[in-house]
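# Survey of secondary and tertiary structure
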Amino acid sequence: MAIIPEQEPLIQSLNKDWYQPYVLGIDMLRLDVIHPVVSGNKWYKLKYNIQHAIDGGYSSILTSGGAYSNHLIAAAAAAKQYGIKSIGIIKGTYAQDTLTPTLQQCKDYGMELVFVNHEDYKKIDTDEYHAQLKRDYDNPFIIPVGGANEWGREGCETIAAYISDVYTHICVSVGTGTTLIGIRNALPQKQIVLGYAPMKGGLYLKEEIDKYLHTDKQNAYTLFDDWHCGGFGKWNDELLNFMNSFYAINKVPLDIVYTGKMMSGIQQQLQQGYFSKDSRILCIHTGGLQGNASVKEKLIY
Ligand SMILES: *Cc1c(COP(=O)(O)O)cnc(C)c1O
C-alpha cells in the first residue's frame, strides 16, 4: 500500500529584512503543511513503518512517547487513516489522570493508551521489553520512540528530494537525529548540514547519529545545543516573543519545542557572522505545531 501525504511540502522564502545583510537568502522547506496532524518530519519517519506493518499483515502498530509527543499523535492519526489499530505506551502514570491535549487527541484517533512509570519507560526500546509488548498486545508492529529505526531513516532520506543544490547550508532540528541522518546520507557532501538540538547537553546525540551515517558523512555535519531555554520542552518569554516577531515578519508559524529554538539560534548565528555572506540557507520546518496548544493564548497565530 502506498502511503501518500495530503499536500506536497512547499518552499517559502523568508523576508529579506530578516536575514539581510548577513547572507544571500534563507528559505524554509515547509514540511508542516503536508498534513494537519501527521505534520512535518513525523510523516516521513512513519510512512515506511506503516507501509511495512500493513504489507506484513500486522493488525496493529505500537509506539511510545511523552504526554506532548508529536510522534505519538502522528502515529495515531496515520494508523487511523490507513485502517490499522494503534497502541501508545505513555511515559508517566500521572499522565492518565489529566490527559494533555496531545493524549486526548491520540485517544480520539482511536489509539489505546497504556501508561508506564518512568523507571520502566527507560527500558522501552530494549529487546526484552519489545518481546514482552509483543506478547501482551497480540504481536503489534513496534515502532521505536520518535520513529527512530531503519524505516524512519529511509523515509527521511526522501526529504532530500525537495532540496536543490543551490543551497549551501541545510538547517534541521534534532530530537533523535533520525531526520538529520536521512538528509545527511542523501545529500551531496558539499552541502553543509547543521543540526539544532533543543535540549541541554544535546551534543551526546552525535555518537548515536554517527552510527547510522555512511562513513564518508560521519563528520560532515555540525550539531549545536546552545538554544534550549533550560531544557527539552522548556520555554521562556524571550522565545515566545521571538516566535511572534518571526511570524509577524515571515508569516511562518514556528513550534515551541523544536523549530522556534532552531530559528532563534540561526538568528543569533547570523548576527554573530557564523555564515559567510554568499550563503544560501534552507531551514527545514519539521512541523510540531500541535505542541503549541499549551501556549496558544500567548501566540499571535
Ligand atoms: C520530532 C521532531 C523533531 C526531531 O526529529 P528527529 O528525527 O527525532 O531528530 C524535530 N522537529 C519537530 C517539530 C519534531 O516534532
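For the structure, see preceding data.
These lines cover the structure that appears in this document, whether it is placed above or below.

How each quantity is defined
Residues numbered from 1 in each chain as written. Predicted model: local features only at pLDDT ≥ 70, side-chain atom pairs only at ≥ 80, totals over all residues. Heavy atoms only, no water. Core = buried A, V, L, I, M, F, W, Y, C linked by side-chain atoms within 4.5 Å. Buried < 20%, exposed > 50% of the residue type's maximum accessible area, 1.4 Å probe, protein only. Helix = DSSP H or I, 4+ residues; strand = E, 2+ residues; numbered from the N terminus. Contact = heavy atoms within 4.5 Å. Axes fitted to C-alpha atoms, helices over the stretch in contact; angles between N-to-C directions. Parallel < 35°, antiparallel > 145°, perpendicular 65-115°, else oblique. Nonpolar A, V, L, I, M, F, W, Y, C, P; charged D, E, K, R; others polar. Pairing = 2+ DSSP bridges.

This next bit is on the nonpolar core. Within the largest apolar cluster, 53 residues are counted, with the highest numbers of intra-cluster contacts made by Ile61, Ile163, Ile170, Ile209 and Ile284. For this core, the secondary structure elements donating two or more residues are α2 (41-55), α3 (70-81), α4 (101-108), β5 (112-116), β7 (169-173), α8 (178-186), α9 (205-212) and β10 (280-285). Top contributing element to this core by residue count: α3, with 8 residues. In this structure Ile170 touches Ile163, Ile183, Leu187, Gln191, Ile192, Val193, Leu194, Leu282 and Ile284, once residues within four positions along its chain are discounted. Listed in part, the 30 residues of the second largest apolar core include Leu14, Phe246, Tyr258 and Leu270.

Quick look at the packing of helix α10 (residues 237-250) against helix α11 (residues 259-271) now. One way to put it is that α10 packs onto α11 with a least axis distance of 10 Å and a crossing angle of 80°. For the element pair α10 / α11, the angle class is roughly perpendicular. For the pair formed by α10 and α11, the contact residues are Leu239, Phe242, Met243 and Phe246 on the first element and Gly260, Lys261, Met263, Ser264 and Gln267 on the second. Looking at the contact of α10 with α11, its residues break down into 5 nonpolar, 3 polar and 1 charged.

Here we come to unusual backbone geometry. Here the bond from Gln20 into Pro21 is cis, since omega is 5°, no more than 30 degrees from zero. Phi angles above zero are rare outside glycine, and Asp138 is one such case at about 60°. One can find Asp138 in the loop between α6 (127-136) and β6 (141-142). Using a relative accessible area of 60% as the deciding quantity, one classes Asp138 as exposed. Of note in the backbone geometry, Cys229 takes a positive phi value of approximately 55° without being a glycine. Relative to the helices and strands, Cys229 is located in the loop between β9 (222-224) and α10.

Another point: the side chain of Ser60. Among the structural elements, Ser60 can be located in strand β3 (residues 60-65). Residue classification places Ser60 among the buried positions, given a relative accessible area of 3%. Discounting residues that sit within four places of it in the chain, Ser60 has contacts with Ile84, Lys85, Ile87, Tyr137, Pro140 and Phe141.

In space, the 4 strands of this open sheet follow the order β5-β4-β3-β6, with parallel pairing throughout. Two strands lie at the open edges of the sheet, namely β5 and β6, each paired on one side alone. Sheet topology places β3 next to strand β4 (residues 85-91); 6 bridges connect them, and they run parallel. Counted as the bridge partner of Leu62 is Ile87 from β4.

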